[in-house]
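Fold and geometry: a report
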Amino acid sequence: MSVSVDDHELLSRLKTGDNNAFKYLISTYHPRLLIVARAIAGDVFAEDVTQEAWSSIYKAIGKFEGRSSLSTWMIQIVSNEAKSRLRKEKRHISFGDIDEVRPEVDPSSFDDKGHWANPPSHWDINTPELMLQEDQLRLCIEHTLTVLPENQKAVFLLRDVEQSNLEEIAELLSLTEANVRVILHRARLQLMKIINHYQETGEC
């Protein structure tokens, strides 16, 4: 995914040292970076890790070449910072007992591209990307994300919001692709309940 037109304009301002542009960058992307930091490093280190990532981003922004999206580049930085912090603390990068997870969802619910093969009967939209384009529903989903476990929140953010592929997500979060699929399915199933309720009642 290459840098967008909007990213080009923002980058031009950032590379000239525009402080307002950097403040905008932080206000826009800080919640996403914090989600990734929490998923990898936990609540204890997440805020510090994210602040360190912002410092690294500020120093390196002039060298950003736009080979990926700006958000993907920043997420990679916060992921590296989180893993580095864990190494300094002599802890293992771990999602608890995720390696022992066995799929509790039917893999046939989703196709290889991440779309629902058999969406619930009330759904008029068959992809997460399209759902996120509906403002009111997007706000409902964002609210639901706040109560998901951190690993589910991070995987959903990276796959369905940032459009990262499974291999990239596995690398960022130090998981196997199989576990990424399981976590993503669990997050989506949680969201299914909320979205079905929304489409039936118009309320989150």
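Right, let's walk through the structure included here. Computed from a predicted model, the values in this text were never measured in an experiment.

**Comments concerning the overall build of the protein chain**
Along the backbone of the protein chain there are nine helices and zero strands. Taken from the N to the C terminus, the helices and strands of the protein chain come in the order α-α-α-α-α-α-α-α-α. The 204 residues of the protein chain split such that 46% are buried. Restricting the contact set of the protein chain to residue pairs at least 6 apart, pairs at least 24 apart contribute 65%. When the accessible surface of the protein chain is summed, it comes to about 11300 Å², and 47% of that surface belongs to carbon and sulfur atoms.

**Some words on helix α7 (residues 150-161)**
The terminal C-alpha atoms of α7, which comprises twelve residues, lie 15 Å apart, in line with the 16 Å expected from a rise of 1.5 Å per residue. Within α7, ten of the twelve residues are buried, which leaves it mostly tucked inside the rest of the structure. All of the buried residues in α7 are Asn151, Gln152, Lys153, Ala154, Val155, Phe156, Leu157, Leu158, Arg159 and Asp160.

**A closer look at the packing of aromatic side chains**
Inspection of every chain in the model, using the stated rule, returns three aromatic pairs. With 5.8 Å between their ring centres and 80° between their planes, Phe22 and Trp54 make a pair best called edge-to-face. Of this pair, Phe22 sits in helix α2 (residues 19-41) while Trp54 sits in helix α3 (residues 43-60), placing them 32 residues apart in sequence. The same class applies to Phe22 and to Trp54, which are both buried. Seen from their ring centres, Phe22 and Tyr58 are 4.9 Å apart, and the 80° between their planes marks the pair as edge-to-face. On the criterion of sequence distance, the pair formed by Phe22 in helix α2 and Tyr58 in helix α3 is long-range, its members being 36 residues apart. Judged by relative accessible area, which is 47%, Tyr58 ranks as partly exposed. Three or more aromatic residues joined by ring pairs form one cluster here, namely Phe22, Trp54 and Tyr58.

Conventions and cut-offs
Residues numbered from 1 in each chain as written. Predicted model: local features only at pLDDT ≥ 70, side-chain atom pairs only at ≥ 80, totals over all residues. Heavy atoms only, no water. Helix = DSSP H or I, 4+ residues; strand = E, 2+ residues; numbered from the N terminus. Buried < 20%, exposed > 50% of the residue type's maximum accessible area, 1.4 Å probe, protein only. Contact = heavy atoms within 4.5 Å. Areas by Shrake-Rupley, 256 points an atom, 1.4 Å probe, with all protein chains shown as cover. Expected span 1.5 Å × (residues − 1). Phe/Tyr/Trp six-rings, centres within 6.5 Å; stacked < 30°, edge-to-face > 60°.

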